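# Notes for the structure review
Here are the chains, one letter per residue:
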Amino acid sequence: WMCDPVIEWMSEIHTSFSEGCLSIPGYFWEISRPDYIKVSFKDINGNPNQKTFSGSDSRIIQHEMDHLDGLLIVDFLEEQDFILFYNHYKKQSHIEEYISPTLTII
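So, here is what we can say about the structure in this document.

Definitions and cut-offs
Residues numbered from 1 in each chain as written. Predicted model: local features only at pLDDT ≥ 70, side-chain atom pairs only at ≥ 80, totals over all residues. Heavy atoms only, no water. Helix = DSSP H or I, 4+ residues; strand = E, 2+ residues; numbered from the N terminus. Buried < 20%, exposed > 50% of the residue type's maximum accessible area, 1.4 Å probe, protein only. Contact = heavy atoms within 4.5 Å. Areas by Shrake-Rupley, 256 points an atom, 1.4 Å probe, with all protein chains shown as cover. Expected span 1.5 Å × (residues − 1). Pairing = 2+ DSSP bridges. Axes fitted to C-alpha atoms, helices over the stretch in contact; angles between N-to-C directions. Salt bridge = Lys/Arg side-chain N within 4 Å of Asp/Glu carboxyl O.

## Re the overall build of the chain
Helices and strands together make up the secondary structure of the chain, namely 2 helices and 5 strands. Listed N to C, the secondary structure of the chain is β-β-β-β-β-α-α in terms of helices and strands. Per-residue burial over the chain gives 30% buried out of 106 residues. A sequence separation of at least 24 residues applies to 55% of the contacts in the chain between residues at least 6 apart. Of the roughly 7400 Å² of accessible surface on the chain, 54% is carried by carbon and sulfur atoms.

Shown next as structure tokens:
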């Protein structure tokens, strides 16, 4: 359990892995993320902590912290992949538009 997590450090070594998101079920992409992270946070009692994470723990924490920062997994796609996803998802979900904080589509 973490409250107010802050990633203090990320390794320079990255690994790509097929990643999906419950916010966009049924879609998966190869996403590159740092292998190791050091996170500062408060525990359930409000005590400060710091811990280093690796593997799937590191990936999950980074993914969830992206959500805290207002990002979805699709915001990390290359522009061409995002356009393909967006056009398909728009037809399936009947959404009007999604404005990515990281991509500008003209």
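## Concerning helix H1 (residues 55-68)
The first and last C-alpha atoms of H1 sit 20 Å apart over 14 residues, in line with the 20 Å expected at 1.5 Å per residue. Listed in full, the buried residues belonging to H1 are Ser58, Arg59, Ile61, Gln62, His63, Met65 and Asp66. Next to the buried residues of H1 lie strand E1 (3-10), strand E2 (14-21), strand E3 (24-34), strand E4 (36-42) and strand E5 (48-54). Just beyond H1, the residue with positive phi is glycine 70, at close to 85°.

## Comments concerning the side chain of serine 58
Position of serine 58 among the secondary structure elements: in helix H1. Look past the residues within four positions of serine 58 in its chain and what remains in contact with it is Pro34, Asp35, Tyr36, Ile37 and Phe53.

## Let's talk about the sheet that holds E1
Reading across the sheet, the 3 strands line up as E1-E4-E5 and stay open at both edges, with antiparallel pairing between neighbours. Each of the sheet's edge strands pairs with one partner strand only, and the pair in question is E1 and E5. Each neighbouring strand pair of the sheet contributes to a mean axis angle of 25°, computed without reference to strand direction. Each of E1, E4 and E5 touches H1; the most contacted strand, E5, lies at about 120° to it.

## Here we look at the pattern of salt bridges
Opposite charge on two side chains permits them to pair, given that their charged atoms come into close proximity. Scanning all chains against the criterion turns up 3 salt bridges. Where arginine 33 meets glutamate 19, a salt bridge forms, and the shortest distance between an N and an O atom there is 2.9 Å. Here the residue arginine 33 occupies a position in strand E3, and glutamate 19 occupies one in strand E2, the gap between them amounting to 14 residues. Under the relative-accessibility criterion, arginine 33 is labelled buried at 6%. Accessibility expressed as a relative area gives 5% for glutamate 19, which makes it buried. The partner of aspartate 66 in a salt bridge is arginine 33, and the shortest N-O contact between them spans 2.9 Å. Pair noted here: aspartate 66 is in helix H1 and arginine 33 is in strand E3, with a separation of 33 residues, a long-range link. The class of aspartate 66 is buried, set by a relative accessible area of 12%. A cluster of three or more residues bridged by salt bridges with shared partners is formed by Glu19, Arg33, Arg59 and Asp66.

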